[in-house]
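The primary structure of each chain is shown beneath.
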Amino acid sequence: MSVDDPETRLRETLDSLASTVAPSPDAYARARKEWQRRDRRRRLIMLVLAVLVVAVADLVGLWALNSLSEPHPAPRHERIDVIVQP
């Protein structure tokens, strides 16, 4: 390989760049806390949605049962003839 080989030049450039970078000592801890926060938030949102769906389904079911149990009102606009025999 020659010195002008692009792969060699790229490797040398990246090695020199990597030697100047100092890793953050608490980067993993911060990333883990962020992930746990997002996971707790996702679980809480899913719990709220599940409770909301169950509550709406219960309300619709109770409304349906209540509306079916009521007697039908008598018609008000119909004329009722009463025949009385002497």
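Shown above is the structure to which this text applies.
Residues numbered from 1 in each chain as written. Predicted model: local features only at pLDDT ≥ 70, side-chain atom pairs only at ≥ 80, totals over all residues. Heavy atoms only, no water.

Draft legend 1. Focus on the pattern of salt bridges. Tallied over the full model, the rule gives six salt bridges. Put simply, Asp26 and Arg30 hold a salt bridge, and the shortest N to O gap is 3.5 Å. Classification of Arg30 as partly exposed rests on a relative accessible area of 49%. Between Asp39 and Arg43 there is a salt bridge; the shortest N-O distance is 3.2 Å. One end of the pair, Asp39, and the other, Arg43, are both in helix H2 (residues 27-69), four residues apart, so they sit about a helical turn from each other. Here Asp39 falls in the buried class, since its relative accessible area comes to 18%. (Salt bridge = Lys/Arg side-chain N within 4 Å of Asp/Glu carboxyl O. Buried < 20%, exposed > 50% of the residue type's maximum accessible area, 1.4 Å probe, protein only. Helix = DSSP H or I, 4+ residues; strand = E, 2+ residues; numbered from the N terminus.)

Draft legend 2. Molecular detail of the environment of Thr8. Relative to the elements of secondary structure, Thr8 occurs in helix H1 (residues 6-20). Under the relative-accessibility criterion, Thr8 is labelled partly exposed at 23%. For the pair formed by Thr8 and Gly61, sequence separation is 53 residues and the distance between their alpha carbons is 71 Å.

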